[in-house]
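Given next are the chains, with one letter for each unit.
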Amino acid sequence: MRRVVFNQKGGVGKSTITSNLAAIAAAQGKRVLVIDLDCQGNTTRYLLGEAADEPLAGSADFFAQTLKFSVRDSDGSEFISETAWDGLHVMAASPELDELHAKLESRYKIYKLRDALLKLEKQYDEIWIDTPPALNFYTRSALIAAQGCLIPFDCDDFSRRALYGLLEAVQEIQADHAPDLHVEGIVVNQFQARASLPQRVVQELLDEGLPVLQPYLSASVKVKESHELSRPMIHLDPRHKLTQELVALYESLPG
């Protein structure tokens with residue numbers, strides 16, 4: 001299964017959701033690859049910790065080699081790093097992604113990631129792709145390469161209004177480039193059950209028939225500790241309420 005976590009809005013939890021769901025999959029015995037396409041590298045830092053400070057071959061190197069002539073297309077395996085957890089690998093991001101963007105777009109390399117992942121499917125049970133907060137070359141490449149799309153959602157009116165544009169963007173890419181792509185659901189993040197606004201906003205989504213996934217992910221300071229220590233929640237505190245919500249969310253997804 002190839003999944004992309006996508007939202008054009010920053011700070012909605014894309015990296016946190018990607019990293020934690022992938023870590024849960026690996027903890028359950030799956031072979032999992034996470035691809036970080038955001039030049040900020042939050043997912044890379046989260047999963048690799050201090051190793052992220054070392055020079056690493058990663059997603060920028062993968063895309064850079066697509067700009068060179070080769071008799072065969074790489075599957076990207078030489079740009080993948082192991083994490084501290086069994087079965088969990090990452091294709092790290094770096095600031096060079098930003099530098100490459102214009103060249104990749106002008107040379108129309110939009111299908112290269114999909115082609116590589118189709119080859120890597122033999123090595124992994126699940127592939128997760130974290131995207132930058134923009135509808136750019138890397139996000140389009142990820143959507144074209146994926147089968148399922150998860151959309152993180154903050155419980156406010158700005159996020160609700162932006163949601164319709166996101167869904168239209170996914171539908172357009174599905175129609176033009178990726179017939180296998182579908183929105184698996186909207187992941188409600190930073191949910192505060194006792195506050196009236198989050199409940200009302202989420203209920204509006206449900207009333208409109210949008211695919212809102214359950215359980216909702218609670219707001220918690222524990223996840224910030226998880227970021228600081230570079231330990232996904234399943235490895236930091238398996239019994240924590242948020243960890244259990246993440247596990248339940250993962251198990252609710254189609255296999």
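Computed from a prediction, not measured in an experiment: that's the story for all the values here. (Residues numbered from 1 in each chain as written. Predicted model: local features only at pLDDT ≥ 70, side-chain atom pairs only at ≥ 80, totals over all residues. Heavy atoms only, no water.)

Some remarks on the pattern of salt bridges
Thinking step 1. Using the criterion set out here, one finds eight salt bridges in the structure.
Thinking step 2. When the shortest N-O distance is used, the salt bridge between R200 and E204 registers 3.5 Å. With R200 and E204 both in helix α8 (residues 196-207) and four residues apart, the pair spans about one turn of that helix.
Thinking step 3. You can call E204 partly exposed: its relative accessible area is 24%.
Thinking step 4. K222 is the salt-bridge partner of E225, the closest N and O atoms lying 3.3 Å from each other. On the criterion of helical spacing, the pair formed by E225 and K222 is a turn pair, its members being three residues apart in helix α9 (residues 222-229). (Salt bridge = Lys/Arg side-chain N within 4 Å of Asp/Glu carboxyl O. Helix = DSSP H or I, 4+ residues; strand = E, 2+ residues; numbered from the N terminus. Buried < 20%, exposed > 50% of the residue type's maximum accessible area, 1.4 Å probe, protein only.)

Observations concerning the nonpolar core
Thinking step 1. I35, F63, L113, I129 and L163 are the most contacted members of the largest nonpolar core, which has 51 residues in total.
Thinking step 2. Broken down by element, the residue count for this core peaks at six residues, all from helix α6 (residues 137-145).
Thinking step 3. Residues in contact with L113, not counting those within four places in the same chain, are I35, L37, F62, F63, I129, S141, A142 and A145.
Thinking step 4. The next biggest cluster of nonpolar side chains, apart from the first, holds 30 residues, and it includes A23, A26, W85 and V247. (Core = buried A, V, L, I, M, F, W, Y, C linked by side-chain atoms within 4.5 Å. Contact = heavy atoms within 4.5 Å.)

What about the side chain of S81?
Thinking step 1. In this structure, S81 sits in strand β3 (residues 81-82).
Thinking step 2. In contact with S81, not counting residues within four places along its chain, are L56, A57, H89 and V90.

Focus: the pairing of strand β2 (residues 32-36)
Thinking step 1. Here β2 lies mainly inside the structure; five of its five residues are buried.
Thinking step 2. Because side chains alternate across β2, one face comprises the buried residues V32, V34 and D36, and the other comprises L33 and I35, equally buried.
Thinking step 3. Pairing of β2 with strand β4 (residues 88-91), which is carried by four bridges, proceeds in the parallel orientation. Bridge assignment links V32 to a residue of β4, and that residue is L88.
Thinking step 4. For β2 and strand β5 (residues 126-130), the ladder comprises five bridges, and the chain directions are parallel. Looking at the pairing, L33 lines up with I127 of β5. (Pairing = 2+ DSSP bridges.)

Quick word on helix α1 (residues 14-27)
Thinking step 1. In this model, α1 (14 residues) spans 20 Å end to end at C-alpha, consistent with the 20 Å of a helix rising 1.5 Å per residue.
Thinking step 2. Burial runs high along α1: 13 of the 14 residues are buried.
Thinking step 3. A positive backbone phi angle near 95° is found at G29, which sits one or two residues after α1. (Expected span 1.5 Å × (residues − 1).)

Topic: the packing of α1 against helix α11 (residues 241-252)
Thinking step 1. Between α1 and α11, whose axes approach to 10 Å, the crossing angle comes to 75°. When the interaxial angle is binned, α1 and α11 end up roughly perpendicular. In this structure, α1 contributes N20, L21, I24 and A25 to the contact, and α11 contributes L246, V247, L249 and Y250.
Thinking step 2. Of the residues contributing to the contact of α1 with α11, the split by class is seven nonpolar, one polar and no charged. (Axes fitted to C-alpha atoms, helices over the stretch in contact; angles between N-to-C directions. Parallel < 35°, antiparallel > 145°, perpendicular 65-115°, else oblique. Nonpolar A, V, L, I, M, F, W, Y, C, P; charged D, E, K, R; others polar.)

Interpretation note: all reported values are geometric properties and have no functional meaning in isolation.
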